[in-house]
Structures are given as structure tokens and as C-alpha cells.
Amino acid sequence: MMVSAVSTERRAVRRQADARKYRDTKVAYLFLLPVVGLLGIFVIWPAIYAGFLSFQNWSFYKEPEFVGLRNFTAVLSDPLFWASVGRGFAFVAMTVPPMLVLAFFFASLVVSVSRRFASILKVSIYIPTIISSVITSIIFVLMYDYSGGLLNWFLGIFGIDPIAWIGDPAWALLAIAIPAIWLGMGLTSLIMVAAMVDIPTEFYEAAAMEGANWWQKTAFITLPQMKNIILYLLITGFVAAIQQFELPLVMTGGGPLDSTTLPNLFIFNHFRNDINVGYSIAAALVMFVVLGTVSAIVFKFVNSERLVD
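Residues numbered from 1 in each chain as written. Predicted model: local features only at pLDDT ≥ 70, side-chain atom pairs only at ≥ 80, totals over all residues. Heavy atoms only, no water.

## Concerning the pairing of strand E2 (residues 62-66)
So, step 1. As judged from the three bridges shared by strand E1 (residues 56-59) and E2, these two strands associate in the antiparallel manner. Bridge pairing in E2 links Gln-56 to Phe-66.
So, step 2. Hairpin connection from E1 to E2: two residues lie between these consecutive antiparallel strands. (Pairing = 2+ DSSP bridges. Helix = DSSP H or I, 4+ residues; strand = E, 2+ residues; numbered from the N terminus.)

## Quick notes on the packing of helix H7 (residues 169-197) against helix H10 (residues 227-242)
So, step 1. It is the contact of H7 with H10, at a shortest axis distance of 10 Å, that shows an interaxial angle of 165 degrees. In terms of orientation, H7 and H10 fall into the roughly antiparallel class. For the pair H7 and H10, the crossing hand works out as right-handed. Contact residues: Thr-188, Ile-191, Met-192 and Ala-195 in H7; Ile-229, Tyr-232 and Leu-233 in H10.
So, step 2. Grouping the amino acids of the contact of H7 with H10 by side-chain chemistry returns six nonpolar, one polar and no charged. (Axes fitted to C-alpha atoms, helices over the stretch in contact; angles between N-to-C directions. Parallel < 35°, antiparallel > 145°, perpendicular 65-115°, else oblique. Left-handed = near helix turned anticlockwise from the far one by under 90°. Contact = heavy atoms within 4.5 Å. Nonpolar A, V, L, I, M, F, W, Y, C, P; charged D, E, K, R; others polar.)

## Comments concerning the nonpolar core
So, step 1. By size, the foremost hydrophobic cluster in this structure holds 58 residues, and its most contacted members are Val-75, Phe-81, Phe-91, Met-192, Met-226 and Met-287.
So, step 2. In contact with Met-192, not counting residues within four places along its chain, are Leu-100, Ala-103, Phe-104, Ala-107, Met-226 and Leu-233. (Core = buried A, V, L, I, M, F, W, Y, C linked by side-chain atoms within 4.5 Å. Buried < 20%, exposed > 50% of the residue type's maximum accessible area, 1.4 Å probe, protein only.)

## Points about a nonpolar patch on the surface
So, step 1. On the surface, a cluster of nonpolar side chains totalling about 1,000 Å² of accessible area is made up of Leu-38, Leu-39, Ile-41, Phe-42, Val-43, Ile-44, Trp-45, Ile-48, Tyr-49 and Phe-52.
So, step 2. One can find Tyr-49 in helix H1 (residues 2-53). (Patch = residues over 30% accessible without salt bridge, like charges linked within 9 Å, V, L, I, M, F, W, Y side chains within 5 Å. Areas by Shrake-Rupley, 256 points an atom, 1.4 Å probe, with all protein chains shown as cover. Salt bridge = Lys/Arg side-chain N within 4 Å of Asp/Glu carboxyl O.)

## Thoughts on the packing of helix H3 (residues 79-112) against helix H9 (residues 214-225)
So, step 1. One can describe the packing of H3 onto H9 by two numbers: an axis separation of 14 Å at closest approach and a directional angle of 105 degrees. Comparing the axis directions of H3 and H9 gives the class roughly perpendicular. Here Phe-104, Phe-105 and Ser-108 of H3 come into contact with H9, specifically with Trp-214, Trp-215, Thr-218, Thr-222 and Leu-223.
So, step 2. By residue class, the composition of the contact of H3 with H9 is five nonpolar, three polar and no charged.

## A closer look at the side chain of Ser-259
So, step 1. Take Ser-259: it is sitting in the loop between helix H11 (246-251) and helix H12 (263-273).
So, step 2. With relative accessibility at 12%, the residue Ser-259 sits in the buried group.
So, step 3. Separated by 2.7 Å, the side chain of Ser-259 and the backbone oxygen of Pro-256 make a polar contact.
So, step 4. Look past the residues within four positions of Ser-259 in its chain and what remains in contact with it is Arg-87, Pro-169, Ala-172, Leu-173 and Gly-254. (Polar contact = N/O pair within 3.5 Å; in protein donor to acceptor, adjacent residues only side chain to side chain.)

## With respect to the packing of aromatic side chains
So, step 1. On inspection of all chains with the given rule, the structure shows 16 aromatic pairs.
So, step 2. Taking the centre distance of 6.5 Å and the plane angle of 70 degrees together, the rings of Phe-105 and Trp-215 count as edge-to-face. Pair noted here: Phe-105 is in helix H3 and Trp-215 is in helix H9, with a separation of 110 residues, a long-range link.
So, step 3. The exposure class of Phe-105 is partly exposed, given its relative accessible area of 41%.
So, step 4. Here the aromatic residues Phe-140, Tyr-144, Trp-165, Trp-171 and Trp-182 are joined through ring pairs into a cluster of three or more. (Phe/Tyr/Trp six-rings, centres within 6.5 Å; stacked < 30°, edge-to-face > 60°.)

## What about H9?
So, step 1. Taken residue by residue, H9 has Thr-218, Ile-221 and Thr-222 as its buried positions. Angularly, the buried residues of H9 cover 125 degrees about the axis, an arc narrow enough to put them on a single face. Residues of H9 that are exposed and point more than 90 degrees away from the buried face comprise Trp-215 and Phe-220.
So, step 2. Elements in contact with the buried residues of H9: H3, H7 and helix H8 (201-209).
So, step 3. A distance of 3.2 Å separates the backbone nitrogen of Trp-215 from a side-chain oxygen at the start of H9, and that oxygen is part of Asn-213. (Arc of directions from axis to C-beta.)

## Some words on the environment of Pro-162
So, step 1. Counting through the fold element by element, Pro-162 comes out in the loop between helix H6 (150-157) and H7.
So, step 2. The class for Pro-162 is partly exposed, based on a relative accessible area of 41%.
So, step 3. For the pair Pro-162 and Gly-149, spaced 13 residues apart in sequence, the C-alpha to C-alpha distance is 9.3 Å.
So, step 4. Setting aside residues no more than four positions away along its own chain, Pro-162 makes contact with Tyr-146 and Asn-152.

## Brief notes about the environment of Ala-177
So, step 1. Structurally, Ala-177 can be placed in helix H7.
So, step 2. According to the relative accessible area criterion, Ala-177 is buried, its value standing at 0%.
So, step 3. Sequence spacing of Ala-177 and Val-96 is 81 residues, and the spatial spacing of their C-alpha atoms is 9.4 Å.
So, step 4. Setting aside chain neighbours within four positions, we find Ala-177 in contact with Phe-91, Met-94 and Thr-95.

Note that every value here comes from positions in space, so none of it alone points to a role or purpose.
Printed below as a string of C-alpha cells:
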């Protein structure tokens, strides 16, 4: 009799738990509904429609006409498109590694000073992040000016002739890379600071007792513990750099001689000047595949297993 009562009570408790779980699930779906709706309207449906238009000969002046893989064939056989992609990878090499290295050393400085001075440093490094890319472009164009720019004036002090930083194909891409690093340093540094602060101090205390110096602590403690953070910053930095658009558009317009025409600017110029919009959409989808492939390769060859305390 007592066993039956206990069994009945357990079933009642289980039913209450199931009812509570069902109610919580409904509430969760209710909160997710607006987000899913916006995602469907502004992301999923445009992506599906873009895929449809990539197989069409379409413009704003006529109805879509199915052309199969013609747009993709045109993109894949266009040397100018692949030149812009190669330029994008060169831009990534100019910006991402230096930015990660500089951000790491800055973060190391922040965690090694007093709390008040660290707050000042964090605010100062984050200021470029809140500045518009357009404003940054204008500032650096003035600095790079051939005859009255600050940079050439500084070089003139040492007897160096003025350089056409954004007018010479040999220097233009590098000239755009500098403000890109400056803009990305803030958030990258703060993420690294948060990762360093999260490393247990016991690791460093034990290393200090063994006589380890700063370089040894960095190589055997800090970098291994920040492995996943560095991987995240590497992927996001790569995606952001190869998709850079505002800096080349405002500073050089893609010139001189297309030396700063990065992939997004190349696609934008085609979209603006080409009657066949299907080509631009196909190029954007090809870039999506390129970015996804490179990201997958990085994830495959960089060990990103979860750290164990």
C-alpha cells in the first residue's frame, strides 16, 4: 500500500516537472520568435533570393531570365575578380598578424600595470573603435597628403623625399592597411585583456618559483591558455580584413591602377556599373564559398580543443 502511494507521488512529481518543462519551452520559443522572424526576413529570405538571382540574367529594367551557370562561369573566368581576391589575401597578411601581435603586447602591458592606469590604457585603445571608418579615412588621407601631409613632413626632417602614399601602387595597399590596424586594435586588445585576466595566477606563481622569465611565461602559459581566443580573433580578423570596403572606397576609390580594389569594392563597382546584376550576386556567393573554405581550413589545422583546468 505504501509502495503504491510512493509510486503515485513520484508520477505526480514527474508530471509536474514535465508540465513545467513544457511551459518553459513554450516561453523560450515565444522569446525566440521575433528573432527568428527578423532573421528570416533580413537574412534567410534574401540569401535564398540571391541564390535564385545568381542563375538569372537580371537587372532593374527587365524580368529575370534563367541563364544557368553563366554568371558563375563569368566570375570564375574573370582575372580581375581573382586579382581582387589575391589582393584581399595580401591585405589580410598586412593587417591581421601585426594587429594580433600589437594587441597582445598592449594587453600584456594593461594586465601588468596598476588598475587605474590600466583603465586609462583600455579607454585610450578603444577610442578608435568608436570612430567612423569614413572619418578615419579622411584623417589618414590628410596625413598621407603628398605636399602637406604630416607623414611626409616627418620624413622630410630626416631628408627623405615625399612619398605618394595613396597615389603610388607600390604603397597604396599598405597605406590602407595602417588605418585598418588602428581601427581593429581596440576590440582585439580588450578581448585579449579579458582572456589574460581569466588565466589563473597560480600558473605564473609556480613558474616564477621555477625561475621562469616573462618570455618563458608567455610561451608556456599565456599563449597556450589563450589558444581558443587567438583562433577566434584570427578567424574574425581574416573575415573583417578581406571584406574591407569603406577604407579603399573613401581613400583611393580602388586605385591607383586597381591596386586597392579589394573583393567587396570590386563587387560593388560591378553592381553599380554593370547592367547584369546576376554577375555581382554570383561573385558575392563565390566570395562566401572562399571565406567559408579558408575558415574551415584554419579550424582544421589549428588545434581548438577546449582547455582543461
